[in-house]
Structures are given as structure tokens and as C-alpha cells.
Amino acid sequence: MKDYDCVIRGGRVATATDDFPADVAIKDGRIAAIGFGLAKGATEIDAAGRLVLPGGVDAHCHIEQLSAAGIMNADTFESATASAAFGGTTTVIPFAAQHVGLRLRTVVDDYMALARKGAIVDYTFHMIVADPTPATLAEDIPALVREGHGSIKLFMTYDKLKVDDEQLLDVLLAARRARALVCVHAENHGMIAWMSKRLLEAGHTAPKFHALSHPRGSEAEAIHRLIACAELVDQPIMIFHVSTAEGAALIRDARARGVKVFAETCPQYLTLTAGDLDKPGSEGAKWMCSPPPRETCDQEALWRALALGDLQVISSDHAPYAYDATGKLMAGPTPTFKQIANGLPGIEARLPLLFDLMVSKGRLGLGKFVELTSTAPSKIYNLHPRKGSIAIGADADVVLWNPEVEVTLTDAMMHDKTGYTPFAGRRVKGWPQTVLRRGEVIVSDGTLRAKPGSGQFLPRGGGAAAEPLSAATADAVLAARLGAALPWRG
Ligand code: URP
Ligand code: ZN
Ligand code: ZN
């Protein structure tokens with residue numbers, strides 16, 4: 001009888017804070033020891049020349065999701081999470097997406113069933129609330145948060161998903177009471193609709209005009225309004241996929257005055273620009289996401305915001321729509337930019353792209369790479385200490401990176417079902433070669449070794465939302481003077 005199920009020997013372990021040579025022993029799916037001279041494992045993995053990193057946590061990905069426009073993601077839980085695993089990600093947070101008229105409880109049950117059947121890596125959900133009815137607010141949200149669905153997503157744009165300001169406040173308050181975190185897609189809907197109408201009227205229909213139809217100020221305005229609403233009800237928020245320098249600056253200001261705002265960006269906003277949408281015919285549709293990629297000066301501003309901690313997380317926002325009649329070209333071969341599903345795939349490319357930029361090319365470095373892609377999302381979404389680090393007692397979600405190998409990304413090498421990657425042609429240095437999930441090797445030698453349905457659901461509370469600020473805001477001071485209670489006090 002061996003002491004350990006598995007020992008990973010001779011690698012260089014790196015966490016968000018430390019970087020040291022050590023062996024890692026695994027027992028019953030968890031990390032049991034870190035050190036030298038550890039007893040033998042039933043399995044021994046030679047990690048010489050490898051970096052031993054915690055598995056990636058992708059806190060924003062759309063999987064097997066039906067868009068409000070009725071377009072299905074190209075991926076199932078099986079294909080998306082296989083793709084995640086090949087890219088070094090061992091935990092995902094996709095969405096249970098409510099559409100207007102649907103009961104949130106039913107929606108969550110349905111997505112849970114899909115994940116239970118197909119997921120290869122571990123998972124937990126954000127609940128998209130598009131229909132904040134009294135039943136959603138008073139019954140479903142509190143009950144579902146208690147059952148471990150600790151975060152909600154809202155949209156401030158998209159015709160069939162958006163909430164207005166009153167609904168936004170209603171959900172923020174319901175989340176405050178339930179202790180859930182609220183994640184938000186922050187873009188001003190009216191500005192986008194107004195710009196789109198005028199561009200189309202002028203005959204500017206090609207995918208490249210999508211970028212112009214989402215003015216940079218539409219993000220800044222919505223972020224400003226969202227933060228004001230969150231401050232009013234004293235509710236922590238996460239701002240998804242920040243794309244502009246102005247958006248990052250607003251978040252910095254809010255955090256500096258103590259507002260509990262977290263924020264995310266994605267590889268596409270660090271590597272692509274609006275110019276990538278400018279392709280012949282409809283091809284630019286492959287680079288269409290919302291918000292759109294911006295300019296190189298925004299990329300620099302986002303890197304700075306990541307360095308300073310204004311933005312804490314880099315997720316993929318994997319939103320896979322095939323470049324055919326089932327996805328991007330559903331309205332025909334030459335759709336207007338308004339008829340093209342928004343979103344691009346990235347669940348597999350996220351970590352290799354970022355490893356190359358941050359570790360191989362030296363931008364922010366290895367510790368920050370681990371922090372932004374694994375440790376910080378684990379902490380913010382209440383998965384820590386089970387996920388997000390190499391530590392005694394943590395799940396043995398471990399990725400052995402070869403820091404020397406160079407790979408050119410191609411459409412064909414991706415394991416999701418989108419059929420293309422917007423990052424094709426990029427050469428990256430560093431690759432996740434062996435991936436363990438709860439101590440089990442799920443990827444090695446380019447082969448998937450885990451079965452669909454072997455991923456586990458991760459119940460969690462609201463994490464960073466568990467303790468609202470309860471700040472003495474000017475509104476609270478005035479309410480006290482008048483002998484009134486702010487709504488969230490009542
Ligand atoms: O364009 C994107 N990002 N599509 C996915 C849905 C969303 O807005 O996050
Ligand atoms: Zn979004
Ligand atoms: Zn998204």
C-alpha cells in the first residue's frame with residue numbers, strides 16, 4: 001500500500017505568491033504534501049523541466065447556452081470542457097441563462113442536468129436574470145443562492161436580456177439580501193441601438209461596423225451608472241469584459257473610494273483590435289464580440305489596470321458560434337452586423353495566450369499569471385481554498401506546463417466545436433502538457449483521458465459578496481437625518 005496515490009516529482013511549483021522547486025503528493029484527489037523526499041506514490045509523474053501550476057479557473061464562459069435570439073452555442077458541456085482541459089483549465093463558471101417568461105429555478109435545473117451529463121472539468125454557474133419578476137426576486141434567487149448558486153449575471157444591453165435601471169436596482173437588492181455577487185455586462189443599450197440604426201441606414205452593414213456601433217462611451221456610461229446603482233444599495237459587483245481605458249479608469253476611481261467593485265477583462269481585449277473585424281465579406285464575423293475589441297492604447301491601459309489590481313480576473317468569455325448557418329451566418333451568407341451572433345471562442349486558447357504574453361514574454365510575470373487566471377477568480381467566486389492554488393488540502397487540480405515548447409495556434413488544433421479560433425496564426429511559447437483534475441490525469445500526450453460527466457458541481461456562496469460594505473454613504477446619512485430607512489436597511 002503506497003502512501004500517496006500520485007507524486008509529481010522534480011518540477012517547479014508556482015502559485016500567485018511563491019515559486020519554488022518541490023514535489024507534490026496527492027491522496028484522495030487532494031494535495032497531501034509538498035516537499036522533498038516524499039514517499040512513493042502509486043503513480044509517479046516526472047515533472048523535470050516543467051512548471052507545476054494550479055489548474056486554470058475560467059470564470060466566464062458560455063456553454064450549451066441558447067442565446068436570446070434563439071442561436072445555440074456550438075459547444076456542449078462535453079466539447080467545451082474537453083477544450084478547457086486541453087488548455088489547462090480545470091474549473092469553469094458558465095451560465096444558467098434565464099429568458100423572459102422562464103422560471104429561474106427551472107432554468108438552473110436544466111443547465112445543471114446538461115453539465116452533470118457532459119462536464120469533464122469541475123463547474124459552478126452564474127445565474128443570468130433577464131426577467132426579475134417578484135417570484136424570481138423573492139423566491140428563486142434566495143433559494144438558489146442557498147443551494148450554492150452564489151452569483152447572478154445581468155445585461156444592460158441586448159434587446160431580450162437587458163434590465164432597466166429599476167430592475168437593476170431590484171436585482172442588486174435581492175442579491176444583497178441573499179448574499180450573492182452580481183456580475184454585469186455593462187454597455188449603454190440606447191447608444192448602441194442608435195448608432196446601429198444610423199450605420200445600417202447609411203449602408204454600413206459589414207462586420208467591421210459592429211465595433212463602431214458600440215461606442216467606447218457606451219461602456220463608460222454603463223459602468224458609471226452601474227457603480228452608482230451598486231453604491232446606492234451597497235452591493236458588491238463584478239464588471240465583466242472591460243474593454244476600454246475609460247472603463248478601467250472608472251473602476252479604479254470607484255475602488256479608490258472604497259466601493260466593492262471587481263472587474264474582469266479577456267484575452268481578446270488584450271490581443272485584438274477593432275481592425276481585426278475588417279476582413280473581406282462576412283469573415284470579420286469571427287472576431288465579433290461585445291463589447292468589441294478596441295485599440296492598442298486600450299490594451300495598454302488594461303495591462304496597467306491588471307498590474308495595479310484595478311482589474312483582478314482574466315476570463316475567456318468563450319461564446320462559441322460556428323461560422324455557418326447554425327451560428328454566425330444564421331441570417332444568410334452576407335448578414336448585416338446586427339444579424340450576427342456576438343461572441344468568440346477562447347476557452348482553450350486563454351491560458352496559452354496569456355502564458356506566452358505574461359510568462360514567456362515577461363509581462364507581469366508568472367505569479368500574476370497564476371493570480372489572474374486561477375487564484376483571484378477562485379477567491380472572488382468563493383471556490384478558494386478548494387481551487388486556485390497548490391496548497392495542502394486543495395483539490396489536486398494541477399497543470400504541468402512545458403515553458404519551452406513553441407506552438408502556432410490553428411483552427412484545427414482546438415477541441416471545441418466552433419471550427420475556428422480568432423487567435424489562429426499566433427505563435428505562443430509555453431504549453432499545458434499534462435492536466436490533473438482532483439488528482440486524476442485528464443489530459444496527457446495530447447489525449448483526453450476523462451469521461452463526460454466526471455466533472456463535479458461546486459456549490460458556493462456569494463464569496464466576495466458575502467460582506468457588503470455597509471458604508472456610511474451620503475444617502476445613508478441623509479436618510480438617517482430624515483428618520484427614513486434606505487431600502488436595503490428595511
Ligand atoms: O459577445 C459576447 N461577449 N457574447 C457573449 C455574451 C456576452 O455578452 O457575454
Ligand atoms: Zn457579456
Ligand atoms: Zn459573456
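In the block above lies the structure referred to throughout.
Residues numbered from 1 in each chain as written. Chains lettered and ligands numbered in written order. Predicted model: local features only at pLDDT ≥ 70, side-chain atom pairs only at ≥ 80, totals over all residues. Heavy atoms only, no water.

Asks: Could you clarify how one ought to interpret the coordination of the zinc ion (ligand 2) in this entry?
Replies: Coordination angles at a metal have ideal targets, namely 109.5 degrees for four tetrahedral donors and 90 or 180 degrees for six octahedral donors. Surrounding the zinc ion (ligand 2) are the protein donor atoms Lys153 (NZ), His185 (ND1) and His241 (NE2), at 2.1 to 2.8 Å. For the zinc ion (ligand 2), all donor residues lie on one chain, and their spacing in sequence is K-x31-H-x55-H. In this structure, the zinc ion (ligand 2) is positioned 3.7 Å from the zinc ion (ligand 3). One end of the pair, lysine 153, is in strand β11 (residues 151-155); the other, histidine 185, is in strand β12 (residues 181-185), and 32 residues separate them in sequence. By relative accessible area, which is 1% here, lysine 153 ends up buried. Looking at histidine 185, the relative accessible area reads 1%, which means it is buried. (Donors = N, O, S within 2.8 Å, 3.2 Å for Na, K, Ca; no water. Helix = DSSP H or I, 4+ residues; strand = E, 2+ residues; numbered from the N terminus. Buried < 20%, exposed > 50% of the residue type's maximum accessible area, 1.4 Å probe, protein only.)

Asks: Can you help me understand the environment of glycine 343 in this one?
Replies: Tracing the chain through its elements places glycine 343 in the loop between β15 (313-314) and α11 (350-360). The sequence separation of glycine 343 and proline 292 amounts to 51 residues, and the corresponding C-alpha distance is 9.3 Å. Discounting residues that sit within four places of it in the chain, glycine 343 has contacts with Met288, Cys289, Ala319, Tyr321, Lys328 and Tyr420. (Contact = heavy atoms within 4.5 Å.)

Asks: Whenever I open this one, the coordination of the zinc ion (ligand 3) confuses me. Can you help?
Replies: The protein atoms that coordinate the zinc ion (ligand 3) are His60 (NE2), His62 (NE2) and Asp317 (OD), at distances of 2.0 to 2.1 Å. Note that the zinc ion (ligand 3) binds four donor atoms; their angles at the metal cover 86 to 130°, and the shape is tetrahedral. Donor residues for the zinc ion (ligand 3), ordered by position in the chain, follow H-x1-H-x254-D. (Tetrahedral: all angles 85-135°; square planar, octahedral: opposite > 155°, others 65-115°.)

Asks: What is the right way to look at the site of ligand 1 in this model?
Replies: In the neighbourhood of ligand 1, 13 residues make up the surrounding shell, with His62, His185, Ser290, Asp317 and Asn342 lying closest. For ligand 1, an oxygen atom lies 3.3 Å from a polar atom in the side chain of tyrosine 158. Compared with its free state, where it exposes 260 Å², ligand 1 has 94% of that area covered by protein. One can see that ligand 1 is located within the largest pocket. Here the shell around ligand 1 is built from residues that sort into four nonpolar, seven polar and two charged. (Near = heavy atom within 4 Å. Polar contact = N/O pair within 3.5 Å; in protein donor to acceptor, adjacent residues only side chain to side chain. Areas by Shrake-Rupley, 256 points an atom, 1.4 Å probe, with all protein chains shown as cover. 1 Å grid on protein atoms, 1.4 Å probe; cavity = no way out; pocket = protein on both sides within 12 Å on 5 of 7 lines; lining within 4 Å. Sits in = over half its atoms within 2 Å of the grid points. Nonpolar A, V, L, I, M, F, W, Y, C, P; charged D, E, K, R; others polar.)

Asks: Any chance you could explain the sheet that holds β11 here in plain terms?
Replies: The pairing of strands in a sheet comes from backbone hydrogen bonds and takes either a parallel or an antiparallel form. If you walk across this open sheet you meet the seven strands as β8-β10-β11-β12-β13-β14-β15, and the pairing is parallel. Every interior strand has two partners, whereas the edge strands, β8 (95-97) and β15, have only one. Across three bridges, β12 lies against strand β13 (residues 237-239) in parallel orientation. Paired with valine 182 across the bridge in β13 is isoleucine 237. Taken strand by strand, helix α4 (residues 165-178) contacts β11, β12 and β13, and its axis lies near 175° from that of β11. (Pairing = 2+ DSSP bridges. Axes fitted to C-alpha atoms, helices over the stretch in contact; angles between N-to-C directions.)

Asks: Help me understand the nonpolar core, please; the structure alone is not making it clear to me.
Replies: In globular proteins that are soluble, nonpolar side chains generally tend to be buried together. Judged by nonpolar contacts, the single largest core of 124 residues is most densely connected at Ile239 and Phe369. If one sorts the elements of this core by residue count, helix α7 (residues 216-233) sits on top with seven residues. With sequence-adjacent residues up to four places away left out, phenylalanine 369 is seen in contact with Leu53, Leu351, Leu354, Phe355, Met358, Val359 and Trp401. With 15 residues, the next largest nonpolar core counts Cys6, Val13, Ala47 and Leu400 among its residues. (Core = buried A, V, L, I, M, F, W, Y, C linked by side-chain atoms within 4.5 Å.)

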